[in-house]
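Topology and contacts: notes
These are the residues of each chain, in order.
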Amino acid sequence: MLRPQLILLDIALTFLCAAAGAGGAWLLRRRSSLSIRNLYPAAALAFALIAAAIAAQSWTAMMMLVLCRGPRRRWLGAGGGSRSRGGAAQSRALAPVDLAARPAPVRARARVSPRSGRTRARAALALSGRVRVELFGSTGAGKTTTARRVIAARTLAQRAALFVLDQKGDDEDVAQMKRLAAAAGVPFILLDSQDPGTDRWQPLWGTPDGVAARVVEPIRQSEPYYYDTLRRHLDIVCRVLHAADRWPPSVPFLIDCCQPLRYPSVLAIAEQLGAQHSRLTRRTLEHGRYVHSPQGIKDLSGATNRLEVALALAGRQLVTPRVTSDGQAVAVRLVEALQQRAVVMWRTHADTMRDEAAALSVLALADLHDAAETADAPWTLLLDEVGAVIKMAAARGVAILQRGRSHRGQVIVITQSAADPATIQAWQQGAGGEIATARELARRLRRSVVIVIHDRRIPGRGRANIDHLTVGRGGVTVIDTKSSRGDVQITTAGLFHRREQLLVNGRDRTASSTRSSGRSPLSPGRWIDAP
Amino acid sequence: MTGISVLGALCFPYMRRGWLHYSRARDGLITVDDPRHIAKVANRPGPTSPSEIEQLADTLIRAFPAA
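Residues numbered from 1 in each chain as written. Chains lettered and ligands numbered in written order. Predicted model: local features only at pLDDT ≥ 70, side-chain atom pairs only at ≥ 80, totals over all residues. Heavy atoms only, no water.

Quick look at the overall build of chain A
The secondary structure content of chain A amounts to 16 helices and 18 strands. Counting all 531 residues of chain A, 43% fall into the buried class. Put simply, of all contacts in chain A between residues at least 6 apart along the chain, 66% involve residues at least 24 apart. As displayed, chain A has an accessible area near 28700 Å², and 54% of this comes from carbon and sulfur atoms. (Helix = DSSP H or I, 4+ residues; strand = E, 2+ residues; numbered from the N terminus. Buried < 20%, exposed > 50% of the residue type's maximum accessible area, 1.4 Å probe, protein only. Contact = heavy atoms within 4.5 Å. Areas by Shrake-Rupley, 256 points an atom, 1.4 Å probe, with all protein chains shown as cover.)

What to know about the sheet that holds strand E5 (residues 161-166) of chain A
Hydrogen bonds between backbone atoms are what pair the strands of a sheet, whose relative direction is either parallel or antiparallel. Residue and element names in this part refer to chain A. If you walk across this open sheet you meet the six strands as E4-E11-E10-E5-E9-E6, and the pairing is parallel. Every interior strand has two partners, whereas the edge strands, strand E4 (133-136) and strand E6 (188-192), have only one. Between one strand axis and the next, the sheet turns by 10 degrees as a mean value, whatever way the strands run. Here E6 pairs with strand E9 (residues 343-347) via five bridges, running parallel. Within the sheet, the bridge partner assigned to Asp192 lies in E9 and is Arg347. Contacts from helix H13 (residues 354-374) reach E5, E9 and strand E10 (379-384) within the one sheet, and its direction differs from that of E10 by about 165 degrees. (Pairing = 2+ DSSP bridges. Axes fitted to C-alpha atoms, helices over the stretch in contact; angles between N-to-C directions.)

Let's talk about the environment of Ile269(A)
Residue and element names in this part refer to chain A. Locating Ile269 in the fold gives a position in helix H9 (residues 263-271). Under the relative-accessibility criterion, Ile269 is labelled buried at 14%. A C-alpha to C-alpha distance of 7.2 Å links Ile269 and Val240, two positions 29 residues apart in sequence. Those residues in contact with Ile269 that sit more than four places away from it in its chain are Val240, Ala244 and Arg246.

A short note on unusual backbone geometry
Residue and element names in this part refer to chain A. In this structure, Pro248 follows Trp247 across a cis peptide bond, with omega equal to -5 degrees. Phi is positive for Asp245, close to 60 degrees, though the residue is something other than glycine. Note that Asp245 resides in the loop between helix H7 (224-243) and helix H8 (251-258). Under the relative-accessibility criterion, Asp245 is labelled exposed at 66%. With a phi close to 60 degrees, Arg341 is a non-glycine residue in the positive phi region. Mapped onto the elements of the fold, Arg341 is located in the loop between helix H12 (334-339) and E9. Here Arg341 falls in the partly exposed class, since its relative accessible area comes to 24%.

Notes on the interface of chain A and chain B
Each side of the interface is counted separately: chain A has 58 residues, and chain B has 52 residues. Applying the counting rule to chain A against chain B returns one salt bridge. The shortest N-O distance in the salt bridge between Arg16(B) and Asp487(A) comes to 3.3 Å. Counting across the chain A and chain B interface gives 16 residue pairs in polar contact (both at pLDDT 80 or more). Only helix H15 (419-444), strand E12 (451-457), strand E13 (465-472), strand E14 (475-481), strand E15 (486-493), strand E16 (499-504), helix H16 (510-518) and strand E18 (527-528) of chain A provide two or more residues apiece to the side of chain A that touches chain B. (Salt bridge = Lys/Arg side-chain N within 4 Å of Asp/Glu carboxyl O. Polar contact = N/O pair within 3.5 Å; in protein donor to acceptor, adjacent residues only side chain to side chain.)

Looking at the packing of H9(A) against helix H10 (residues 278-292) of chain A
All names here are of chain A. Here H9 crosses H10 at 165 degrees, and the two axes come no closer than 9 Å. The angle between H9 and H10 falls in the class roughly antiparallel. For H9 against H10, the interelement crossing comes out left-handed. Mapping the contact onto sequence places Tyr263, Pro264, Leu267, Ala270 and Glu271 in H9 and Thr281, Thr284, Leu285, His287, Gly288, Val291 and His292 in H10. Tallied by class, residues from the contact of H9 with H10 come to six nonpolar, five polar and one charged. (Parallel < 35°, antiparallel > 145°, perpendicular 65-115°, else oblique. Left-handed = near helix turned anticlockwise from the far one by under 90°. Nonpolar A, V, L, I, M, F, W, Y, C, P; charged D, E, K, R; others polar.)

Concerning the pairing of strand E4 (residues 30-33) of chain B
Residues and elements named next belong to chain B. Taking every second residue as pointing to the same face, both faces of E4 are buried, with Ile30 and Val32 on one and Thr31 and Asp33 on the other. As judged from the four bridges shared by strand E1 (residues 4-11) and E4, these two strands associate in the parallel manner. Considered in E4, the bridge of Gly8 is made with Ile30. The pairing of strand E3 (residues 24-25) with E4 spans two bridges and is classified as antiparallel. The residue bridging Arg24 from the neighbouring strand is Thr31, located in E4.

Regarding the pattern of salt bridges
Residue and element names in this part refer to chain A. One pass over the full model with this rule turns up 17 salt bridges over all chains. The closest approach of N and O atoms between Arg148 and Asp173, which form a salt bridge, is 2.6 Å. You can see Arg148 sitting in helix H4 (residues 143-157) and its partner Asp173 sitting in helix H5 (residues 171-184), a full 25 residues away along the chain. We note that Arg148, like Asp173, is buried. The residue Glu440 makes a salt bridge to Arg444 at a minimum N-O spacing of 2.8 Å. Pair noted here: Glu440 and Arg444 are both in helix H15, with a separation of four residues, about one helical turn.

This is the structure:
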């Protein structure tokens, strides 16, 4: 028999459930992009399971379903020894592992299985050529100490070559690397752009194609137009020097050879080559017309100067071979250092010379990228304080990470910002769009009076930048490049207050584009006065 | 040299551009288009002479250092 209290309770429960459903739907609508319809199948399934549990009189299962909790151990008659959510418990104790006997983990963390109660060792950091390690944290968090453990294990236990790109240049780091090299019985090479007593570096080795591609890397991101021009010119100069057996050249010598004024000497060398190089001689002659044209002189002088400023002024002595007492020019090549499992350390002084440090970092990463392919040997690369040069070296950074996976290399990135490793990849996507835009603008505006300026920083606005600026007869154009693909539309929305919307693949991107353009002090529509 | 106009552009190098693409926003102050058409905006006619263009470019280079 139905009692009035039971009926009232049922009605109250029904209203309560309806209110909870309406509230949930409202929250779903306001706080997420999901529709309530997404919950219909899940709700139907939950009701079916609860009904089945009631029918089977399985009250434990029904409690689990209603409370959405896993079975507690005390329900199953166990003691309350383990305290943890989800049933997992971890001991805080860290047990050191003998590296020589078992080089895989650096340290093992004891892990207690909640089901079996057994203790298992779990690797905290794996030592492998396929595993990348990213360490981020504030000063004093232990990033460098952890990285030292990894590289020590790789160098001592796995006999891997070690490359350290140190942006800070602390003497203690140098002493540490020296001790590590001595313990491993391998050579230690220190490359410091500010210390003439350190070793010299020969980044130009291999085929003429490879050298031409590598030497222009430092200006690839910042000067896409000059990059193309110089790359084409260097291709011929390198081939002539290679054919004339003046190979490999040092960086200062090659930059000198690229000057338009030196081209007659290159041409003279080409004309002395034998008949087997007749095609190269003809190409050199034909290229001479462009080199001696007003446009060629302007382009090549600008490109060579940019490269010299980016690279050779800071590191001229670093990349100039040392002449020994018996007259031999000697310098370290990374491919041989890698084969000998050496410890190589660059000190780039990013705090005082940011641009030069970035250029040297890019060249070092490009050299290591090629050396890893040639030398079949394990290696470790430690990129310390990568945030200092991330923008310029990001493309190379991504390339070296990929090379590490395929060529027995482990890359360890240390940064103070957790955003930097993600920024490398995000920037890589964005930079592709900026380069594509820069190339197209250079191609379209070559014959006009328009001056194009790329990638400028906005002083006082942190990392905000302007992708491209053009100055022409009609005024200034501020260009922001977006790497989105697909349909791009401008539409108007709203009945009473009509507003423009930027739709990318149907999604409203008005806010993000307004934010980025709003950072620029050169707002569209504003009229500026120049002195 | 006064009264130099400034226009903005959002450049999508990988966009799929339809025939009827409408590229002007904010009353024509901002152009949303691919690099080919942005180049046309950059090369718009006007009264600025080549020497003034160079002077203006130098000013902008000094005002906005390389990133």
